[in-house]
Amino acid sequence: MSAPAVQQLSADVCVAPQLDPTAMAWAAQAGFKSVINNRPDFEGGPTQPTNAAMESAAKAVGLHYAYLPVAPSVQTPEEIAAFSRLLSELPKPILAFCRSGTRSGKLFRAATGG
């Protein structure tokens, strides 16, 4: 797989559009320690990789993995707080992804005040 379009939001957090399981090996090789999946299963239809497939691929290459599915239009205070906890607890650097990267970026900005 070629490198996904990654956007750096801080020194230790980046966001990306939808990844597939093979991207987990790329993420580990690129130096990421953790991955956060913000996309609900099957949001993009039956061909979207599932959380289970992504988690298995991430763990197979030694990445920490978290699943925090959120709707594209609204991120609740509880979801923002959960994202903030993940940012503080997961080993860094962290790669978060959703359909386009926008939702993960919104969560990051809401969680960090940036």
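Above this text is the structure in question.
Residues numbered from 1 in each chain as written. Predicted model: local features only at pLDDT ≥ 70, side-chain atom pairs only at ≥ 80, totals over all residues. Heavy atoms only, no water.

Enquirer: Outline unusual backbone geometry, listing residues and values.
Expert: Cis geometry is adopted by the peptide bond preceding Pro-93, which originates at Lys-92 and carries an omega value of 5 degrees. In this structure, Pro-93 sits in the loop between α3 (77-89) and β5 (94-97). Of note in this structure, Phe-42 is not a glycine but carries a positive phi near 65 degrees. Within the element layout of this structure, Phe-42 appears in the loop between β3 (34-37) and α2 (51-60). (Helix = DSSP H or I, 4+ residues; strand = E, 2+ residues; numbered from the N terminus.)

Enquirer: Explain the pattern of salt bridges residue by residue, including any values.
Expert: All chains considered together, the criterion is met by three salt bridges. Arg-39 serves as the salt-bridge partner of Glu-43, at 2.5 Å between the closest nitrogen and oxygen. With a relative accessible area of 8%, Arg-39 lands in the buried category. Ionic pairing is found between Arg-103 and Glu-43, a salt bridge with its closest N-O pair at 2.9 Å. (Salt bridge = Lys/Arg side-chain N within 4 Å of Asp/Glu carboxyl O. Buried < 20%, exposed > 50% of the residue type's maximum accessible area, 1.4 Å probe, protein only.)

Enquirer: Tell me what's going on with the packing of aromatic side chains, and back it up with residues and numbers.
Expert: Applying the stated criterion across every chain, the model contains one aromatic pair. A ring pair is formed by Trp-26 and Phe-32, whose centres lie 6.0 Å apart and whose planes are at 45 degrees; its orientation type is tilted. Each member of the pair, Trp-26 as well as Phe-32, is classed as buried. (Phe/Tyr/Trp six-rings, centres within 6.5 Å; stacked < 30°, edge-to-face > 60°.)

Enquirer: Tell me about the sheet that holds strand β2 (residues 13-16), and please be specific about residues and values.
Expert: Strand order in the open sheet formed by five strands is β1-β2-β5-β3-β4, and the pairing between neighbours is mixed. Unpaired on one side and paired on the other, β1 (7-10) and β4 (64-67) mark the two borders of the sheet. Averaged over neighbouring strand pairs, the angle between their axes works out to 25 degrees when direction is ignored. Bridge count between β1 and β2: three bridges; the pairing is antiparallel. Along β2, the bridge assignment pairs Gln-7 with Val-15. Each of β2, β3, β4 and β5 touches α3; the most contacted strand, β5, lies at about 155 degrees to it. (Pairing = 2+ DSSP bridges. Axes fitted to C-alpha atoms, helices over the stretch in contact; angles between N-to-C directions. Contact = heavy atoms within 4.5 Å.)

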